[in-house]
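Take a look at the letters that make up each chain.
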Amino acid sequence: MKRNDIIDFKALEKELQAALTADEKYKRENAAKLRAVEQRVASYEEFRGIVLASHLKPLEQKDKIGGKRTVPWNCHTIQGRPSQDETTEISPEKTLLQPETSAEFYRDWRRYLRSGPERYEALLHLGGPKLGRLFQMDVGFGLLGEMLMALADHVRPADRCVVLGILRSLASTGRFTLNLSLMSHVEKESCRSLFQKLQAMGTPSLEGRGLGEQPGGLQEEESLLQELLRLYHVD
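Here we summarise the structure given alongside this text. Positions within a chain are numbered from 1, following the residues in the order the chain's sequence is written. Residue-level local features of this predicted model are given only where pLDDT is at least 70; pairs of side-chain atoms are given and counted only at 80 or more, and the full residue set underlies all totals for whole chains, interfaces and linings. Remark: hydrogens and water are excluded; side-chain values derive from all non-hydrogen atoms of the structure.

## Focus on the pattern of salt bridges
Criterion for a salt bridge: a side-chain nitrogen of Lys or Arg within 4 Å of a carboxyl oxygen of Asp or Glu. For the structure on display, the rule yields eight salt bridges. Ionic pairing is found between Glu121 and Arg156, a salt bridge with its closest N-O pair at 3.2 Å. With a gap of 35 residues between them, Glu121 in helix 5 (residues 116-134) and Arg156 in the loop between helix 6 (143-154) and helix 7 (160-171) connect regions that are remote in the sequence. A salt bridge links Arg175 to Asp138; its shortest N-O distance comes to 3.1 Å. Of this pair, Arg175 sits in the loop between helix 7 and helix 8 (176-181) while Asp138 sits in the loop between helix 5 and helix 6, placing them 37 residues apart in sequence. Sharing partners across several salt bridges, the network here consists of Arg110, Arg119 and Glu146. Labels follow the DSSP assignment, with helices taken as runs of H or I lasting at least four residues and strands as runs of E lasting at least two, numbered in each case from the N terminus.

Now the structure itself:
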């Protein structure tokens with residue numbers, strides 16, 4: 001057997017575990033969304049709270065007051081007691097996102113990328129095609145809005161083409177229309193602001209040009225922008 005033909009079982013196991021985790025998260029949050037719809041919750045905040053708390057489990061009899069608690073009630077919100085991998089110093093290489101699955105992206109996005117500039121640079125680093133592959137099935141609840149806010153707050157004229165590619169890839173992900181409708185008011189306003197900035201960035205390059213002198217690349221960008229305005233329901 002050639003060296004290139006040797007199977008890396010550890011890598012396969014890691015990839016399988018990540019896929020199972022992502023699938024479990026997808027099913028859990030989807031079930032929570034359906035419960036929230038059936039309950040006819042009164043507000044978006046209540047709907048969001050139900051989905052974000054979908055990982056919590058009811059307390060058992062032994063967990064009631066007075067019992068000895070050996071396991072934290074909410075492992076996602078432990079404060080003051082970071083796990084071993086959370087206390088490990090992050091090297092500069094890890095500040096750039098290099099996920100292979102949507103679960104790895106979600107983990108790194110939450111754990112390592114806390115500021116807007118970090119998230120923006122990470123999205124540019126991955127680019128539209130990679131993001132499209134990672135979230136082919138679905139963008140996790142709340143994640144679409146956070147991505148759009150990072151892009152809106154930090155978009156630069158030089159990145160216009162890349163950002164348009166990212167928006168096109170996100171629009172092709174599973175259940176995009178549903179995730180778009182579930183964004184908060186603030187997230188929707190950020191989305192609108194992002195497209196306003198992208199439209200303004202395309203205008204200066206046309207000044208001083210004749211009607212027939214618009215570059216082909218820019219024409220393609222403008223056509224893509226008009227398509228995205230429709231997909232993202234921006235007036």
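Read on for the rest.
## What to know about the environment of Leu134
The topology assignment puts Leu134 in helix 5. Type-normalised accessible area, obtained with a 1.4 Å probe on protein chains alone, sets the label of each residue: buried when under 20%, exposed when over 50%, and partly exposed for intermediate values. A relative accessible area of 10% places Leu134 in the buried class. C-alpha of Leu134 to C-alpha of Ser102: the two residues are 32 residues apart in sequence and 5.1 Å apart in space.

## Regarding the packing of aromatic side chains
A pair of Phe, Tyr and Trp rings is counted when the ring centres sit within 6.5 Å of each other, with Trp represented by its six-membered ring. The angle between the planes then sorts it: under 30 degrees is stacked, over 60 is edge-to-face, the rest tilted. Summed over all chains, the structure comprises four aromatic pairs. With a centroid separation of 5.4 Å and 20 degrees between ring planes, the pair formed by Phe105 and Trp109 is classed as stacked. Separated by four residues within a single helix, Phe105 and Trp109 lie in helix 4 (residues 102-111), roughly one turn from each other. The class for Phe105 is buried, based on a relative accessible area of 0%. Look at Phe176 and Tyr232: their rings are 4.9 Å apart centre to centre, the planes differ by 75 degrees, and that puts the pair in the edge-to-face class.

## Quick look at helix 7
Every α-helical turn comprises 3.6 residues, leaving residues that sit three or four positions apart pointing alike. Expected helix span is given by 1.5 Å per residue-to-residue step, counting one fewer step than there are residues. In a regular helix each residue adds 1.5 Å, so 12 residues correspond to 16 Å; helix 7 covers 17 Å between its end C-alpha atoms and thus fits that length. With nine of 12 residues buried, helix 7 is to be regarded as a mostly interior element. Looking only at helix 7, the buried set comprises Arg160, Val163, Leu164, Gly165, Ile166, Leu167, Ser169, Leu170 and Ala171.

## Some details on the packing of helix 7 against helix 9 (residues 185-202)
Inter-axis angles, ranging from 0 to 180 degrees, are taken between N-to-C directions of lines fitted to C-alpha atoms, where helices are fitted over the stretch in contact. The interhelical angle for the contact between helix 7 and helix 9, taken along N-to-C directions, is 140 degrees, at an axis separation of 11 Å. Put simply, helix 7 runs oblique to helix 9. Crossing angle aside, the handedness with which helix 7 passes helix 9 is left-handed. Note on element contacts: helix 9 touches helix 7 through Leu194, Phe195, Leu198, Met201 and Gly202, opposite Arg160, Val163, Leu164 and Leu167. Split into classes, the residues belonging to the contact of helix 7 with helix 9 amount to seven nonpolar, one polar and one charged. If an angle is under 35 degrees, it is roughly parallel; if it is over 145, roughly antiparallel; if it lies from 65 to 115, roughly perpendicular; otherwise it is oblique. If you view the pair so one helix is near and one far, a crossing is left-handed when the near helix is turned anticlockwise from the far one by less than a right angle, and right-handed when it is turned clockwise. Contacts are residue-level and defined by heavy atoms, with any inter-residue pair within 4.5 Å sufficient. When residues are sorted by character, Ala, Val, Leu, Ile, Met, Phe, Trp, Tyr, Cys and Pro go into the nonpolar class, Asp, Glu, Lys and Arg into the charged class, and all the rest, Gly among them, into the polar class.

## A word on the nonpolar core
Soluble globular proteins tend to pack their nonpolar side chains together in the buried interior. Nonpolar cores were defined as sets of buried Ala, Val, Leu, Ile, Met, Phe, Trp, Tyr and Cys residues, with membership established by side-chain atoms within 4.5 Å. In this structure, Phe105, Leu167, Phe195, Leu198 and Tyr232 are the most contacted members of the largest nonpolar core, which totals 41 residues. Those elements that place two or more of their residues in this core are helix 4, helix 5, helix 6, helix 7, helix 8, helix 9 and helix 10 (216-231). In contact with Phe195, other than residues within four places in its own chain, are Leu167, Leu225, Leu228, Leu229, Tyr232 and Val234. Membership of the second largest hydrophobic core comes to six residues, among which are Ala36, Val51, Phe141 and Leu182.

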